[in-house]
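# Structural features, examined
Below, each chain spelled out in residue letters.
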Amino acid sequence: MKKPLVKILSIAIVCTLFNTQMNSQNKDIEKKIDSLMNLMTLEEKVGQMNQYNGFWNLTGPAPEEGNAKLKYDHLRSGLVGSMLNVRGAENARKIQEIVVNETRLGIPLIFGYDVIHGQKTITPIPLAEAASWDLKAIEMSARVAATEAAAEGIHWTFAPMMDISRDARWGRVMEGGGEDPYLGAKIGVARVKGFQGDDLSAPNTIAACAKHFAAYGFAESGKDYNTVDIGTSTLYNIVFPPFKAAVDHNVRTVMNSFNILNGIPATGNKFLQRDVLKEMWGFDGFIISDWGSGKEMIDHGFAKDLKEVARLAANAGSDMDMESYAYVAHLKDLVESGTVSEKVIDQAVRRILRVKFELGLFDDPYRYCDTVREQELMNHPDHHAAALDMARKSIVLLKNEGNLLPLTKDQKKIAVIGALASDKNSPLGSWRLASEDNSAVSVLEGLQRYSSEITYARGPELVVGETTFINEVRINETDRSGFQEAVQLAKNSEVVIMVLGEHGFQSGEGRSRAELDLPGLQQELLEAVHGVNKNVILVLNNGRPLAFPWASENIPAILEAWQLGSQTGHAVAQVLFGEYNPSGKLPMTFPRSVGQVPIYYNHFNTGRPGPIELVFWTHYIDENNAPLYPFGYGLSYTEFSYSDLKIDAANPKDVKVSVTVTNKGDRMGEEVAQLYIRDKVASNVRPVKELKGFEKFSLKPNESKKITFSLTENELGFYMPDGDFVVEPGEFDVMVGGSSVEGLSGSFVLK
Ligand code: GLC
């Protein structure tokens, strides 16, 4: 139905006014930056490019020794532009007061923090949220995090992580959006919107940070911080798209990465930071280094000393130095000696001041330091309600043989087994910096709220000794106490819920694994329990795809429950007892064995896709080529059917693909219809399948819905190795279904 002309005109007028207003605001900010920079000395400009880690609680005496004193003195002399890890409205105010009242120009600090998935109210780890494919819920989750962080005096989060990764051994897959650039881009943008909102100066929005630029997720052998050496086709088609989407949606900061990319460390990489990010994409925020990543260029063998670090990083476009002490020590001399142009400094400072003005910090440096608001908002019930909704939508049902699930309310004699079932910390994930210890609702607590028929036996401990954000986790391989008690309980129960997987600190930064199995004694316990009771429901708590072929073969029901944050127990219980029908889909491929890794759905066909009788084709002689569970896969308690696939390619600039989805079961459910294409023949080979559209919706029993996708140049084109974006005519396959391995297929010829 056409909108009346007057409506269209008024919308256009409003948009023009809005843009004009935004432009005039931007022009206003640029003028303010000009006048401020005209007052600044070179030393004060360099100070803006320097970020220190906060470490003290200023409600106590200010530190008088060591580098604490150095930082304190630098704060007072205007040599610090930002701090990270300062938390609490009162703390932030005290540190801000030093800078605003004691420095010559009183330029406010910008406080950054790793608000990765929640601040006090912890939402599911980002990989779990990605499994929801629910962009609105993901945006809301980031909004909750921003509201609580801003209430604690924080202006800026070092999130979302946009790193695509195909390697489950890498500990930081928990922090991203999975293996696919299309899904990763959509999710990253939803998070940026959630953090930044429509008005960065509002007291409940914070600047976001697209990280880690770039290709950090392609670390060789999945080892964190390891070498990255990839072709430019992968760079342009897989690594860059999520970052470009974030820039196109006005992300205000970008963090460069620890790794080298094809021989050059990202922090000193001009191609990445100036040529691509700032020039090609027009990014107008600022780039922060990663923690000490500047200084690490010495270890990389790219800079001979800290002075050269300052020169290389500044010239390459890294605007702010996190904890390398390179800029504050050497940039002034480098400019005065003519080695680094003052223009480089001015460009960086302008970008940093721009974001500070946008945050409203010059209007009111204490806008985010309201202890009353802090009191009101932290752990607000509405935030926990949003966290619960996000958590249950993130759960993926992998197997449900004989419809063992959902359990009924009158289910008797339910055994709950596993150390993770009662763990109130692991469900918070590894990036839970600001949360309270033991603040998660454990799976056991969630189940006990649902049923009085629960009996718990922990079984052997999963870890030995204390585990923290910074130390290695020691897995229990020997202490079997609790083993027999657990098996005995299973024997005397009607159904067994086993909560197994990884400790919260077995994934995350610095937590790469060489194996992807169930750690410690868990597999042995699972087999022993299954030996005495076949009615086993396996609930996985993990921060990465795991390989569990025996369980996949023998256990009748398997739920992927990741690390779901504060509301874990309630979310798992609601799914197990059918109050919520699971709707998640895997954002990353689950391998059969670690030997298959990297394994991903959007691979190339190769010249020998096979299978053939002889051995000469792309395969292993000792393992299947197929994954354990594929990208985009997830079951429901109901069943969806796809029919009536139609493709209309008359307009090559807007190819329409439609399909009808029907709920064939007896309960309401949500489905994620996924559209994949294959460009059959191209001047640079294209993957056998590429996700180019998805839609999540709910259907009542017997209800049908027609879904229409649009394939424009953006979806049909690809980047050549030289960075040129091309759309080539020719035949395309299309598949629409509930995962990357099943659906209705068709094809069209793009003219
Ligand atoms: C860490 C991480 C980065 C984080 C930063 C500040 O090493 O790589 O993602 O934001 O340091 O904590």
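Residues numbered from 1 in each chain as written. Predicted model: local features only at pLDDT ≥ 70, side-chain atom pairs only at ≥ 80, totals over all residues. Heavy atoms only, no water.

The environment of the ligand is formed by Leu84, Asp114, Phe158, Arg172, Lys211, His212, Met255, Phe258, Asp290, Trp291, Met322 and Glu509. One of the side-chain N or O atoms of Arg172 is found 2.8 Å from an oxygen atom in the ligand. The protein chains hide 93% of the 310 Å² of surface that the ligand would expose on its own. Of the residues contributing to the shell around the ligand, the split by class is six nonpolar, one polar and five charged. (Near = heavy atom within 4 Å. Polar contact = N/O pair within 3.5 Å; in protein donor to acceptor, adjacent residues only side chain to side chain. Areas by Shrake-Rupley, 256 points an atom, 1.4 Å probe, with all protein chains shown as cover. Nonpolar A, V, L, I, M, F, W, Y, C, P; charged D, E, K, R; others polar.)

Before going further, it helps to examine the pattern of salt bridges. Scanning the model with the defined rule gives 47 salt bridges in all. With a shortest N-O distance of 3.0 Å, Arg350 and Glu30 are connected by a salt bridge. With Arg350 in helix α13 (residues 342-358) and Glu30 in helix α1 (residues 5-39), the pair connects residues that are 320 residues apart, well separated along the chain. Residue classification places Glu30 among the partly exposed positions, given a relative accessible area of 23%. Ionic pairing is found between Asp305 and Lys304, a salt bridge with its closest N-O pair at 4.0 Å. Several salt bridges converge on common partners, so that one network encompasses Asp114, Arg172, Glu175, Lys211 and Glu509. (Salt bridge = Lys/Arg side-chain N within 4 Å of Asp/Glu carboxyl O. Helix = DSSP H or I, 4+ residues; strand = E, 2+ residues; numbered from the N terminus. Buried < 20%, exposed > 50% of the residue type's maximum accessible area, 1.4 Å probe, protein only.)

We now examine the packing of helix α6 (residues 135-151) against helix α7 (residues 181-196). Relative to each other, α6 and α7 sit at 35°, their axes nearing to 7 Å. As for the relative orientation of α6 and α7, their crossing is right-handed in sense. Across the interface between the two elements, Leu135, Ile138, Glu139, Ala142, Arg143, Ala145 and Ala146 of α6 pack against Lys186, Ile187, Ala190, Arg191, Lys193, Gly194, Phe195 and Gln196 of α7. Considering only residue class, the contact of α6 with α7 consists of eight nonpolar, two polar and five charged. (Axes fitted to C-alpha atoms, helices over the stretch in contact; angles between N-to-C directions. Left-handed = near helix turned anticlockwise from the far one by under 90°. Contact = heavy atoms within 4.5 Å.)

We now examine the sheet that holds strand β11 (residues 396-400). Hydrogen bonds between backbone groups are what pair the strands of a sheet, and the pairing can be parallel or antiparallel. Here we have six strands laid out as an open sheet, ordered β11-β18-β17-β16-β12-β13, and mixed in their pairing. With one partner strand each, in any of the chains shown, β11 and β13 (454-457) form the two edges of the open sheet. Averaged over neighbouring strand pairs, the angle between their axes works out to 20° when direction is ignored. Pairing between strand β12 (residues 414-417) and strand β16 (residues 495-501): four bridges, direction parallel. For Ile414, the partnering residue across the bridge sits in β16 and is Val495. (Pairing = 2+ DSSP bridges.)

Before going further, it helps to examine a nonpolar patch on the surface. On the surface, Ile612, Leu614, Val615 and Phe616 cluster together to form a nonpolar patch covering roughly 410 Å² of accessible area. Here Phe616 is to be found in the loop between α20 (568-576) and β19 (640-648). (Patch = residues over 30% accessible without salt bridge, like charges linked within 9 Å, V, L, I, M, F, W, Y side chains within 5 Å.)

Cis geometry is found at the peptide bond from Ala159 to Pro160, where omega equals 10°. On the secondary structure map, Pro160 appears in the loop between β4 (156-157) and α7. For the peptide bond that leads from Leu405 to Pro406, omega is 0°, which places it in the cis range. One can find Pro406 in the loop between β11 and β12. A positive phi is found at Asn250, a non-glycine position, where the angle reads about 65°. Positionally, Asn250 belongs in the loop between α8 (232-248) and β6 (253-256). With relative accessibility at 43%, the residue Asn250 sits in the partly exposed group. The phi torsion at Tyr325 lies on the positive side, around 60°, for a residue other than glycine. Looking at the element boundaries, Tyr325 is found in the loop between β10 (321-322) and α12 (326-336). For Tyr325, a relative accessible area of 19% gives the class buried.

What follows covers the environment of Arg592. Looking at the element boundaries, Arg592 is found in the loop between α20 and β19. Each C-alpha atom of the pair Arg592 and Leu420 lies 23 Å from the other, and the pair is 172 residues apart in sequence. Contacts of Arg592, omitting those with residues within four sequence positions, involve Ala547, Pro549, Glu623, Asn624, Ala626, Pro627 and Leu628.

Moving on, we get to the packing of aromatic side chains. One pass over the full model with this rule turns up 26 aromatic pairs. Arranged with centres 5.0 Å apart and planes meeting at 70°, the rings of Trp156 and Phe158 form a pair that is edge-to-face. A single burial state applies to Trp156 and to Phe158, both of which are buried. By way of ring pairs, the aromatic residues Phe213, Tyr236, Phe240, Phe243, Trp281, Tyr719 and Phe725 are connected into one cluster. Above the plane of the ring of Tyr600 lies Arg166, whose end atom (NZ or CZ) is 3.7 Å from the centre. Lying across the ring of Phe483, Arg480 places its NZ or CZ 4.7 Å from the centre. (Phe/Tyr/Trp six-rings, centres within 6.5 Å; stacked < 30°, edge-to-face > 60°. Lys NZ or Arg CZ within 6 Å of the ring centre and 35° of its normal.)

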